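Commentary on secondary and tertiary structure
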Amino acid sequence: MREAIIEEKKCWGERFVQWRLQEEEIARCAQPGQFVMVRVQNSFDPLLGRPLAIMKVEGNSFYLFFEVVGRGTKIFSSLNVGNRLEVLGPLGRGFSLSPSQALIVGGGRGITPLYFLASHFKENKIPFTFFLGVKNKEELFMADFLQDFSGNHFWSCEEPVEEVFCGTVLSLFHDWLEDRTLPSGTRVYACGPEGMLRNLYQEERISGVPLEVSLETFMGCGFGACMSCAVEKRNGDGYFHVCKDGPVFLAQELKW
Ligand SMILES: Cc1cc2nc3c(=O)[nH]c(=O)nc-3n(C[C@H](O)[C@H](O)[C@H](O)COP(=O)(O)OP(=O)(O)OC[C@H]3O[C@@H](n4cnc5c(N)ncnc54)[C@H](O)[C@@H]3O)c2cc1C
């Protein structure tokens, strides 16, 4: 466990929070797709850490972005600049980093690890196109994060908003793929709700293209001791543990 200090906090309504945390070692080692387990320092509430993906690194600091969904994240959202956290990480196996071209598909808060990935592609001049889908107007602020990238980016909203594609990110992506031939070496990267990932896996227009998905399975410890984050392997040969074998997997390796 390392101590991290909240250096900056941004909120979007009551549901979304971004922190900049000061912790040199994590900022130095983190790779796109990795995550940290977060607890409030000197508190047993919540008792277990909560896994959050690393969104960005900057000097001796790194960024987390989370949605308030339950007790743990509600408590996190009440913390302020100067408060201290216990952070374990960076953990897990991240994304592969050298495609010849990348298509990135994110749903809602699933943007978090994908933002880090896109930053890496930008730095290394790997061409990518970013598709982001949100459910409603309240979440549309996330599209602003994409302005940090010079590559192509598209977004959708499931609620009608003027000049924004209305529908899911998968229909946006499906339309974009029409009549395109993807060059060999293309990889698709995704993070979002499980149903979205399953449907993306079934998208015929990318059949045969490697698809890497980052899973948000329930997790107890974060390093393979509690076994609570098991997901079934496709070949019937047992289970992966999302915390240490993932959270990023080739979709083709999983049983959906
Ligand atoms: C590797 C990894 C990286 C993650 N990165 C992020 C991130 O960057 N930003 C972010 O906002 N969230 C992320 N998550 C999800 C986040 O960990 C959970 O939302 C959080 O643990 C919920 O804690 P809670 O105490 O607030 O909610 P709880 O009280 O535990 O649960 C509240 C509600 O959310 C549901 N829920 C809780 N956890 C999950 C989950 N993992 N998947 C689906 N439903 C869940 C529960 O069923 C319940 O309805 C990540 C998860 C993993 C495994």
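As shown above, the structure is provided for reference.
The notes below deal with the structure included here. (Residues numbered from 1 in each chain as written. Predicted model: local features only at pLDDT ≥ 70, side-chain atom pairs only at ≥ 80, totals over all residues. Heavy atoms only, no water.)

Right, let's get into unusual backbone geometry. Phi is mostly negative for residues that are not glycine, and the peptide bonds are mostly trans. Of note, the amide linkage connecting D45 to P46 takes the cis form, showing an omega dihedral of 0°. Considering the arrangement of structural elements, one finds P46 in the loop between strand 3 (35–40) and strand 4 (50–58). Positive phi, normally seen in glycine, also occurs at N42, with a value near 55°. Here N42 shows up in the loop between strand 3 and strand 4. (Helix = DSSP H or I, 4+ residues; strand = E, 2+ residues; numbered from the N terminus.)

It is worth spelling out the sheet that holds strand 15 (residues 248–250) at this point. One open sheet holds the 7 strands; their spatial order is 10-9-8-7-11-12-15, and the pairing between them is mixed. Since the sheet does not close on itself, it has two edges, and those belong to strand 10 (165–166) and strand 15, each with one partner. Two strands pair when backbone bridges link them, and strand 12 (residues 211–214) and strand 15 are joined in this way by 3 bridges, in the antiparallel orientation. The residue of strand 15 that forms the bridge with V213 is F249. Each of strand 7 (101–107), strand 11 (186–191) and strand 12 touches helix 5 (residues 194–201); the most contacted strand, strand 11, lies at about 160° to it. (Pairing = 2+ DSSP bridges. Contact = heavy atoms within 4.5 Å. Axes fitted to C-alpha atoms, helices over the stretch in contact; angles between N-to-C directions.)

The terminal C-alpha atoms of helix 3 (residues 111–123), which comprises 13 residues, lie 18 Å apart, in line with the 18 Å expected from a rise of 1.5 Å per residue. Judged by how many residues are buried, helix 3 sits mostly within the fold: 11 of 13 residues are covered. Residues of helix 3 that are buried: I111, T112, P113, L114, Y115, F116, L117, A118, S119, H120 and F121. (Expected span 1.5 Å × (residues − 1). Buried < 20%, exposed > 50% of the residue type's maximum accessible area, 1.4 Å probe, protein only.)

Close contacts around the ligand come from 21 residues, with R50, P51, G72, T73 and E216 the closest. Contact between the ligand and G72: an oxygen atom at 2.7 Å from a main-chain N or O atom of the residue. A total of 890 Å² of accessible area belongs to the ligand in isolation, and the protein chains cover 75% of it. Counting residues per element, the ones that place at least two in the shell around the ligand are strand 4, strand 5 (61–67) and helix 2 (71–77). Looking at the shell around the ligand, the element that brings in the most residues is strand 4, giving 4 residues. Looking at the shell around the ligand residue by residue, the class counts come to 11 nonpolar, 5 polar and 5 charged. Taken domain by domain, the shell around the ligand gets at least three of its residues from each of domain 1 (2–91) and domain 2 (101–253). (Near = heavy atom within 4 Å. Polar contact = N/O pair within 3.5 Å; in protein donor to acceptor, adjacent residues only side chain to side chain. Areas by Shrake-Rupley, 256 points an atom, 1.4 Å probe, with all protein chains shown as cover. Nonpolar A, V, L, I, M, F, W, Y, C, P; charged D, E, K, R; others polar. Domains from an automatic or database assignment.)

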